[in-house]
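Okay, here's what each chain looks like letter by letter:
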Amino acid sequence: MKKLTTLLLTGVMALGLAGCGSTEGTTTTGTTTTGGTEAGDDVVRIALLLPFVGDQSYMDVTNNGLNLVKEKYGDQVDTVLVEMGRDSASWETSNLQTAQEGYDIIISGNFEYEPYMIQVAAQFPDIAYINFDYSDPEANKEAGNIYGMTYKGEEIGYLAGVVAAIKTESNIVGCVGGQENPSLQNMLGGFIQGAQTVNPDITVVTGWVGDFNDTAKAKEIAGNMFDQGADVIWQCAGGAGNGVFEAAAEDDFWAIGVDSDQYTALSGRPEIAAKILTSSEKRCDNAILDAVTRYMENDHTLPFGDMVSMGVAEGAVGLSENENYLNNMTEEELAEVDSYEQMLIDGEVELIDCQANPDQFEVLVASAA
Amino acid sequence: MDGILGSIFSIDFLVVVIRVGVPLVFASLAAYVASLVGLSNIAIEGIMIMSALSGVLISAFTGSAWIGFFGAAAIGIFMALVIVFFSMRLKADPIMIGIALNLFATDFSVWLMLITTGTKGMTGSLPSKVLPTVHIPFIEDIPILGQLISGHYLLTYVCVAIAIIIWIVVYKTPFGLRMKACGLDATAAESVGIKVNKVRLIALILSGFLAACGGAYLSMGYLSFYSDNMTAGRGWIGIAAAAVGGGNLGIVLLTTVGFAIAQAIVNMLILTSLPTDLVNTIPYICVLIGLVALSIREYHARRGKVK
């Protein structure tokens, strides 16, 4: 009897694992499936490594970078997407396998899986590595063949703050963060600065969920902000942030999304999506195109060891200009947003980087309270 | 700060506590009935995840919130039956099955979301339905009472009703005594003719149903979609509350409500300049203090008996 129990229990476990395995194993999708370099020396082979795609957010935007590259260079490039799976145990193997297949450019990044890329990159000095969203500059530089990019979080926040301050009628706006960490503080700090650029006397209410999952808690926090008078609220809290959208639909205020166009992600719930005015996007796709263009135009090499910050000026940060945004903003309001965006590009606005100056965040929060 | 004190002592705050507390009460009741009969159900978090998601999916595909809810309940009961089958038929450790189910639910829910919506983050692309909000005629027009009693999500009333029924069953009926007997000593209960397996089966079905209600409440009322891992540990808080209360339903509910009150206060304090990480520990510290106070009381009570 005991044996049978063990067997059946193992069965349940295995089923569970198989359930994830079918989607989370390393899968390769792309235009070529042939190994080796027989595709020819003049064709640049590019691989993008992501844990998964299909989140209609960060991963999908990043994956779109390959499409942009393909669009621009056509037959000159071969692009392949490698899905590494959600389990971090397979990330090193995926990196190693991809490197052994002899790609010219391998793109990966993000704080979660960049360590695996860095580790493998050092063993393949001939491959050009692009880190599309780095977090540890020292480790990336050390590898010697990595060109790293990051996004100006303060500019992502700035754009959201500008829109919020233009749209608010109560002169009180809110921002909901996920887990309090320097990079999110930087984004929220940018939001406060954006709002203050438009209206120096604006009140910005700041709240942290404490994690990236608790959707219901984010909804309560947004509701409390609304009770305090906030009528435009930006969410920067991952999955939990969806609760802010729900609150926006219930209490009837404007919500602003982050990282990707969240209006499209809620297509099945038009009454909620309608309250998402716009999203302040990390355009990883434009950043990837920018890096690959540099590679193609720079005699097939990159300034390795450079860790660059991409922002509004490079097209790597921008607002989603979907129908909802265009329908709900007047011509004047749109022109106003454009002018503040231009001010940032022209350097007329100097933003404080709260990631580099952590003590500045509290100062900003206090100045807008 | 004054504003916050003002809002804590208001009727709106009680409404918030009810809203925040219901999924926690469902979870702690689910843990309570299972532990009462001596068969731990630690899969509550997993059941909540699966029910929250399946309620949304089924309601989106059938176009009916009710079918969605009953589907969610069926999934919850089915998962509880898995525990029953493996632990009673095959004599496996219920804790192990619980762990297996929790792990299974976390990943399987993501996979299920992917094949149905094409995304792994949330089900916002599906036209899912929500259970109705109940407005009681006449009562809703009474100033304070109306606000307190009327206008909640349907499952809120279900929650209160079930809590009362469980209290009556456990404390006022022979079946309640049998449940406690199974939990205290299954062999002894068996020897006096109680069908232990049958009692446990009924309790676990109820436990699965309650956990499913908690999940459905989150995704089909409180919020109107499923977002990855949206239960955010509520199942575990329920298990903790059941452990604090032991066999005493009153203390279980008191702990849960205390936690809900603390959580509602936290949601407001988060908007002040207090450090977030510290503020977020308040509910847990409250439960810890309650637990210590309780064990001190029990310790004294026991010493009193010895003397």
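K.L.:
Just checking my understanding: could you explain the confidence of the model for chain A for this structure?
P.N.:
Should pLDDT be low for a region, the predicted coordinates there are not to be read in detail. Residues and elements named next belong to chain A. Mean pLDDT for chain A: 86, with 88% of residues reaching 70 or above. Low pLDDT, under 50, characterises residues 18-25; the stretch is placed with twelve contacts to residues that sit more than four places away or in other chains. Here residues 30-39 is modelled with pLDDT under 50, and outside its nearest four sequence neighbours on either side it reaches 13 contacts, counting other chains as well.

K.L.:
Would you take a moment to explain the packing of helix α8 (residues 215-227) of chain A against helix α9 (residues 242-251) of chain A for this structure?
P.N.:
Geometrically, a packed helix pair is captured by the angle between its two axes and the distance between the axes. Residue and element names in this part refer to chain A. Contact geometry for α8 and α9: axes closest at 7 Å, N-to-C directions at 45°. Relative to α9, α8 is oriented oblique. Relative to α9, the crossing made by α8 is right-handed. In contact with Thr215, Ala218, Lys219, Ala222, Gly223 and Phe226 of α8, α9 contributes Asn242, Gly243, Val244, Glu246, Ala247, Glu250 and Asp251. Looking at the contact of α8 with α9, its residues break down into five nonpolar, four polar and four charged.

K.L.:
Teacher, can you tell me more about unusual backbone geometry here?
P.N.:
Keep in mind that most residues, glycine aside, have a negative phi and that most peptide bonds are trans. All names here are of chain A. Positive phi outside glycine occurs at Asp252, with the angle close to 65°. Following the sequence through the fold, Asp252 ends up in the loop between α9 and β10 (254-259). Positive phi, close to 55°, is recorded for His300, a residue that is not glycine. Following the sequence through the fold, His300 ends up in the loop between α12 (284-297) and β12 (307-310). Among the residues examined, His300 registers a relative accessible area of 39% and is labelled partly exposed.

K.L.:
I tried to follow the domain arrangement of chain A on my own but got confused; where do I start?
P.N.:
Accessible area lost during the coming together of the parts is what is often quoted as the interface size. All names here are of chain A. Partitioning chain A into structural domains gives domain 1 (40-151 + 285-312) and domain 2 (153-282 + 330-367). When each unit is reduced to the centre of its C-alpha atoms, the spacing between domain 1 and domain 2 is 29 Å. At the interface, eight residues of domain 1 touch eleven residues of domain 2. Taking both partners together, domain 1 and domain 2 bury about 840 Å²; carbon and sulfur atoms supply 59% of that area. For the pair domain 1 and domain 2, the number of links is one salt bridge. Of the charged contacts, one joins Asp133 and Lys282 as a salt bridge, the two residues approaching to 3.0 Å between their closest N and O atoms.

K.L.:
Looking at this model, I keep getting lost on the interface of chain B and chain A. Mind explaining?
P.N.:
Contacts between chain B and chain A engage 45 residues on the former and 48 residues on the latter. Surface buried jointly by chain B and chain A totals about 4000 Å² across both partners, of which 59% is contributed by carbon and sulfur atoms. The three residues of chain B that bury the most area against chain A are Leu90(B), Lys120(B) and Leu271(B), which together make up 16% of that side's buried surface. Viewed at the interface, chain A and chain B are joined by two salt bridges. The partner of Arg234(B) in a salt bridge is Asp214(A), with the nearest N and O atoms 2.9 Å apart.

K.L.:
Help me out: how do you make sense of the pattern of salt bridges in this one?
P.N.:
When their charged atoms lie close together, side chains carrying opposite charge are able to pair. Inspection of the entire model under this criterion finds twelve salt bridges over all chains. Arg19(B) is the partner of Glu220(A) in a salt bridge, and the nearest nitrogen-oxygen pair spans 2.8 Å. Within this pair, whereas Glu220(A) is found in helix α8, its partner Arg19(B) is found in helix α2 (residues 11-36), the two belonging to separate chains. Among the residues examined, Glu220(A) registers a relative accessible area of 4% and is labelled buried. On the basis of relative accessibility, which here comes to 25%, the residue Arg19(B) falls in the partly exposed class. In this structure, the salt-bridge partner of Glu281(A) is Arg283(A), at a minimum N-O distance of 4.0 Å. Judged by its relative accessible area of 26%, Arg283(A) falls in the partly exposed class.

K.L.:
How should the sheet that holds strand β11 (residues 276-282) of chain A be read in this particular structure?
P.N.:
Two strands in a sheet stick together by hydrogen bonds in their backbones, pointing the same way (parallel) or opposite ways (antiparallel). Residue and element names in this part refer to chain A. With mixed pairing, the six strands of this open sheet are ordered in space as β8-β7-β9-β10-β11-β13. Only two strands of the sheet have a single neighbouring strand rather than two, namely β8 (203-208) and β13 (317-319). Taken pair by pair, the neighbouring strands of this sheet meet at an average axis angle of 15°, ignoring direction. Note: β10 against β11, five bridges, orientation parallel. Paired with Asp259 across the bridge in β11 is Glu281. Sheet strands touched by helix α7 (residues 182-198): β7 (172-177), β8, β9 (232-236) and β10. Its angle to β8, the strand with the most contacts, is close to 165°. Against the sheet, α9 makes contact with β7, β9, β10 and β11, and its axis sits at roughly 160° relative to β10, the strand it touches most.

K.L.:
Please clarify how the packing of aromatic side chains should be interpreted in this entry.
P.N.:
Two aromatic rings are characterised by how far apart their centres lie and by the angle between their planes. Residues and elements named next belong to chain B. Per the stated rule, a full pass over the model turns up 17 aromatic pairs over all chains. With centroids separated by 6.4 Å and ring planes inclined at 90°, the aromatic side chains of Trp66 and Phe69 adopt a geometry described as edge-to-face. Here the residue Trp66 and the residue Phe69 both occupy positions in helix α4 (residues 65-89), the gap between them amounting to three residues, near one helical turn. Judged by its relative accessible area of 41%, Trp66 is partly exposed. Judged by centre distance (6.5 Å) and plane angle (35°), the rings of Tyr153 and Tyr222 are tilted.

K.L.:
Just to check I follow, could you spell out the environment of Ile202(B) for this structure?
P.N.:
Here Ile202(B) lies in helix α10 (residues 196-222). Along the chain, Ile202(B) and Leu81(B) lie 121 residues apart, while their C-alpha atoms are 9.8 Å from each other.

K.L.:
Can you walk me through the pairing of strand β4 (residues 105-108) of chain A in this structure?
P.N.:
Within a regular strand, the side chains alternate between the two sheet faces. Residue and element names in this part refer to chain A. Side chains Ile105 and Ile107 project from β4 onto one buried face, and the interleaved Ile106 and Ser108 project onto a second face that is buried too. Taken together, the three bridges between strand β2 (residues 44-50) and β4 define a ladder with parallel strand orientation. Paired with Ala47 across the strands is Ile106, a residue of β4. The sheet contact formed by β4 and strand β5 (residues 128-131) spans four bridges and is parallel. Note that in β5 the partner of Ser108 across the bridge is Asn131. Note that the unit made of β4, helix α4 (residues 110-121) and β5 has a crossover that is right-handed.

Rules behind the numbers
Per chain, the residues get numbers from 1 upward, laid out in the order the sequence is written. Chain labels run from A onward and ligand labels from 1 onward, assigned in the order the entries are written. The model is predicted, so local features are restricted to residues of pLDDT at least 70 and side-chain atom pairs to those at 80 or more, both for listing and for counting; the totals for chains, interfaces and linings are taken over all residues. Water and hydrogen atoms were dropped before computing side-chain values, which therefore reflect all heavy atoms in the structure. Predictor confidence is given residue by residue as pLDDT, running from a minimum of 0 to a maximum of 100. Any two residues whose heavy atoms approach within 4.5 Å at even a single point are treated as in contact. Note on geometry: axes are lines fitted to C-alpha atoms, helical ones only across the stretch in contact, with angles between N-to-C directions running from 0 to 180 degrees. Each helix corresponds to a stretch of at least 4 residues labelled H or I by DSSP, and each strand to a stretch of at least 2 residues labelled E; elements are numbered beginning at the N terminus. For classification, angles of less than 35 degrees are called roughly parallel, those exceeding 145 degrees roughly antiparallel, those between 65 and 115 degrees roughly perpendicular, and all remaining angles oblique. Two helices that cross are described as forming a left-handed crossing if the nearer one is turned anticlockwise from the farther one by less than a right angle, and a right-handed crossing if clockwise. Three classes are used, and their members are as follows: Ala, Val, Leu, Ile, Met, Phe, Trp, Tyr, Cys and Pro are nonpolar, Asp, Glu, Lys and Arg are charged, and the others, Gly among them, are polar. The classification of residues rests on relative accessible area computed with a 1.4 Å probe and restricted to protein chains. Under 20% of the type maximum is buried, over 50% is exposed, and intermediate values are partly exposed. These domain boundaries are the output of an automatic or database domain assignment. Buried area: the accessible surface (1.4 Å probe) lost by two parts on joining, summed over both. One speaks of a salt bridge when a side-chain nitrogen belonging to Lys or Arg is within 4 Å of a carboxyl oxygen belonging to Asp or Glu. When DSSP finds two or more bridges between two strands, those strands count as paired. Planes of paired rings set the category: under 30 degrees apart is stacked, over 60 is edge-to-face and the rest tilted, where pairs are Phe, Tyr or Trp rings (Trp by its six-membered ring) whose centres lie within 6.5 Å. Assignment of crossover handedness uses the view with strands pointing away from the viewer, where a clockwise path from the first strand over the helix to the second indicates a right-handed crossover.

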